[in-house]
Amino acid sequence: MGNKQTIFTAQQLDAYQDCTFFTRKEIIRLFHRYRDLAPQLIPLDYTNKPDVKVPYELIGSMPELKENPFRQRIAEVFSEDGEGNMTLDDFLDMFSVLSEMAPRDLKAYYAFKIYDFNNDDYICKSDLEKTLNKLTRNELSEDESRLVCEKVIDEADLDNDGRLSLEDFQHMIVRAPDFLSTFHIRI
Amino acid sequence: MDWNGSQRHGSAMGGYPSYPSPQESLRLRRRPTNVADQSSPQFNWNPDRKEDERRQDLKELPLPMALKKSIWQVQQMKIPAVSRWQSWKMQKSKTLKRFRESSGGALAYVALWRRVLQKIGGHFGGGVQSYFLFLRFLVVLNFLSFLLIASFVLVPSIVFQSHNSGNNNTVNISAGKEECTTYDPNPQGLVHFYTYFIDLLTGTGFMEYSYLFYGYYNNTEVITNDFSYNIPLAYLLTAGFYFIFCLICIVIRMGSAVRIAVKTGGKAVGGYSTLVFTGWDYGLQGDRAVRLKQNSIRYQLQVDLEEERIKLKAASLTLAQIVGLYSLRAFLNLIVLALIGGSFYGIFLATEFSQGYQGTDFVSLVVEYLPSIVITAANFLVPFLCDQIALLERHSPSTTVILALLRAVFLRMISLGVLLFTLWSQITCRTAERGTCQPCGYNHTLYPCWETRVGQEMYKLAMFDFITVIAVMILVEFPRRMVVDHCSCKLVKFVGRQEFVVPQNVLGLVYGQTVVWVGALFCPLLPVINTVKFVIIFYCKRITLFYNCRPADRTFRSTSSNFFFLLVLLFGWMLACLTLIYSVAVIHPSMSCGPFLSLTTMWRVVPNSFYSLSDTTREFLLFIGSQAFSVPLFMLSCVVLAYVAALASVYGQSVSLLRAQLKLEGRDKKFLVKQIEELSSVTKRREQNF
């Protein structure tokens, strides 16, 4: 297709196409979705690589993420500064991982990071409790929550250190065939 | 730790970042490994890898975008020294890959109902989605079967019928016994207007002598100089290939379901961790859907915890209590068997009565539909009663579900079998006096053209099933939702909205498909009728799902149940196959209608036309059927089977070995970390002392 767009250079588009799972058309469409979040902030010309970030409040108000209980963690994991303010690169990266073409291992890696609330590369009991609260909107009782956390660690912890490492998590994901279809946002 | 892409294929984790091999790990571990080594995988700069592999790797790297882009830039700058031919080849393969990617996206649009199925999966879970996927599979199967039948039987019949001038040889019956060959399907005299409506529902009247039923097809055999077509042979072989085609489709689909079941380790381990980490659907939008999903996850967790508690309690019963419980269960099972036996007897009586009744008014419509009504009523009432009985049996929830499913399957398939058995015993005069079968070999007084009558019975079953689904939707589900939404009394709130029960719905589909398989030989257009019926059912079920149902509290485990549904479908296929073989090989075809007028059994047309083949083909086919070929073939397939079984067991063993190794590595890690800490504290103390 002809090079009629003036947002990116040809080389930038090629780089995006090779670094994400999107085609040229989808990248342009995603750029316009990104820009619609803050039109005064984002220029229409990315050829000289401007350094602009969309603040987390606007990212969290996107219809795809608005009601997701993990939206803050998702934004924090994919943003450069770790606070949820995303550049265009982060934005494309996030939706590329969450698209349906991303392989299971890549998704499992980022899912692990999302559920690791304290960023210590292990999912410990407190991380699990926070995940459960977000999943059930705090409606499980203390006892039930504790029991479920114990059961999860029993089932998935293979090296017996009381917390889940990335390998444990990936090993568990291999046995969950629904993972690919649930860890998926269509945009 | 280097991330080596080629090691990825070998390790059991599919791993990335992958494990170093056990020999390397001890050497490489010089410092505590709880530092974030795993979170910074590095790129393999090996220049020998092919270009598209490197491009694929880049997409799959868990690095931030800026790093990926710089790697990409470095890659672009590395211009490999290749000849002109190789660079042309690389360019062409790049464009081909881009083209394939974009066309893959376009092809995804063509997949039938893809978006609808994704939406259903997001809102109601994998279990309900598996029902709709099963329905889509059946629609496609029926449509392809219709194409098969149309191209080999229907279209040639139409063509030869329209060219019914002198130049085709219609083989007429030679030994015409007068009483066996009279068959007059066209109604006499003045007909009331409502008989057309009745005829549409029962397949009689104007519909009987049409392409819909067996009786309309002739045993034309066209033999011109360069083209010959034998309609009876085509009819029989098409029926055979239709069954084999359906079997192949089911087995292929079962294969993929089994592969998933084996990969997940067979049993549903990891229920809690799977639910917590993969239970949330990130594609859900809308406040109501999110709230419903959260409720469903919470309910599922609570039910699982409850089941654990019940299991603990059951393990702690005394001997007297256990004996009492088992005798209660045996007694209740006897009651269930009595109920099922009673419904079989009812079906038998209803079929006998309905076959003997003649009449043309509205009462006769009800009587014609009597077997279908009794089957459907039994299939509603008996599972409901069994569910109530199951409450007394006090099994765990998952066992209750499986037991209810098994009973329902047994009831449905065997009730259909009882109906068929009754029909066939009437046709071959097993219940009537001997005399009526003597002249023609079948009961020619009741059934001048028995194949058409069987086809009509199957047509009526299919129609009634369809009408029941629509009627239940309109008369039960929509009013229930309206009552629940607008009335606020306690009882109504307790009963609540309809829940979409997957197993019963799937059994309904399997039943409908089995009816089509049984009837396809006698009613060749039944697959296309069934395609239309299933398409309408898809849209109706979708409407009722979104308007009337709430998401199931108990999410159905879709992975193992897919295999179970296909197994039940296969069982229905075997029942239909049995009927086909019996009809083709044993019963005398009617002498007054159909393509097999002049033969003693339908199968005879194959040996008869066998002798008209050329010599070499005959020799070849005889050789294939002889022992010289089949015994070595059998031995070869035994060897292949043994090899595949050995391979499967080796893989299973290696998976469990690797799993044990993982556990050992973990303990290894902890031991080494402790040693390192001890050593560092000892050296620190020594330094302090100096």
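Note that this is a predicted model, so its numbers are computed, not measured.

About the cut-offs
Residues numbered from 1 in each chain as written. Chains lettered and ligands numbered in written order. Predicted model: local features only at pLDDT ≥ 70, side-chain atom pairs only at ≥ 80, totals over all residues. Heavy atoms only, no water. UniProt positions renumbered as here; feature names shortened; annotations may be inferred. Helix = DSSP H or I, 4+ residues; strand = E, 2+ residues; numbered from the N terminus. Patch = residues over 30% accessible without salt bridge, like charges linked within 9 Å, V, L, I, M, F, W, Y side chains within 5 Å. Areas by Shrake-Rupley, 256 points an atom, 1.4 Å probe, with all protein chains shown as cover. Salt bridge = Lys/Arg side-chain N within 4 Å of Asp/Glu carboxyl O. Core = buried A, V, L, I, M, F, W, Y, C linked by side-chain atoms within 4.5 Å. Buried < 20%, exposed > 50% of the residue type's maximum accessible area, 1.4 Å probe, protein only. Contact = heavy atoms within 4.5 Å. Lys, Arg positive; Asp, Glu negative; His and termini not counted. Charge placed at Lys NZ, Arg CZ, Asp CG, Glu CD. Buried area = accessible area lost by both parts, 1.4 Å probe. Polar contact = N/O pair within 3.5 Å; in protein donor to acceptor, adjacent residues only side chain to side chain. Nonpolar A, V, L, I, M, F, W, Y, C, P; charged D, E, K, R; others polar.

## Topic: the UniProt feature "domain: EF-hand" (unreviewed entry) in chain A
All names here are of chain A. Here the UniProt-annotated "domain: EF-hand" (unreviewed entry) positions come out as residues 103–138 and 144–179. Secondary structure content for residues 103–138 is 67% helix and 0% strand, while the C-alpha to C-alpha distance between its ends is 32 Å. End C-alpha atoms of residues 144–179 are separated by 24 Å, and the span's content is 64% helix alongside 0% strand.

## Remarks on a nonpolar patch on the surface
Residues and elements named next belong to chain B. Where nonpolar side chains cluster on the molecular surface, the patch consists of L613, F620, L621, F623, I624, F629 and L633 and spans about 590 Å² of accessible area. When contributions to the nonpolar patch are tallied by element, the ones reaching two or more residues are helix 22 (615–625) and helix 23 (627–689). Per element, the largest residue contribution to the nonpolar patch is 4 residues, and it comes from helix 22. Here L613 lies in the loop between helix 21 (605–610) and helix 22.

## Concerning the nonpolar core
With 111 residues, the main nonpolar core has B:Y131, B:F132, B:F134, B:W450, B:W517, B:L569 and B:M602 as its most contacted residues. The element best represented in this core is helix 7 (residues 126–162) of chain B, accounting for 13 residues. Excluding its chain neighbours within four sequence positions, the residues that come into contact with B:L569 are B:F134, B:F137, B:L138, B:I250, B:V510, B:Q513 and B:W517. Membership of the second largest hydrophobic core comes to 80 residues, among which are A:Y16, A:F21, A:I42 and B:A289.

## Considering the environment of B:N219
Mapped onto the secondary structure, B:N219 falls in the loop between helix 8 (194–202) and strand 2 (220–223). Here the alpha-carbon distance between B:N219 and B:L154, two residues 65 residues apart in the chain, equals 13 Å.

## Observations concerning a positive patch on the surface
Together, B:R659, B:K663, B:R667, B:K670 and B:K674 make up a positively charged patch on the protein surface. Relative to the helices and strands, B:K663 resides in helix 23.

## Some words on the interface of chain B and chain A
Each partner contributes to the interface: chain B provides 66 residues, whereas chain A provides 70 residues. Its largest share of buried area at the contact with chain A, chain B owes to B:M65, B:F277 and B:Y282, together 15% of the area lost on that side. For the interface between chain B and chain A, the tally reads 5 salt bridges. Linking A:E100 and B:R114 is a salt bridge whose minimum nitrogen-to-oxygen distance equals 4.0 Å. Taken together, the links from chain B to chain A amount to 17 residue pairs in polar contact (both at pLDDT 80 or more). Residue assignment for the side of chain B that touches chain A shows that the elements contributing at least two residues are helix 3 (51–60), helix 4 (65–77), helix 6 (114–124), helix 9 (231–263), helix 10 (271–278), helix 11 (287–314), helix 20 (558–585) and helix 23 of chain B. Per element, the largest residue contribution to the side of chain B that touches chain A is 11 residues, and it comes from helix 11 of chain B. Looking at the side of chain B that touches chain A residue by residue, the classes come out as 25 nonpolar, 22 polar and 19 charged.

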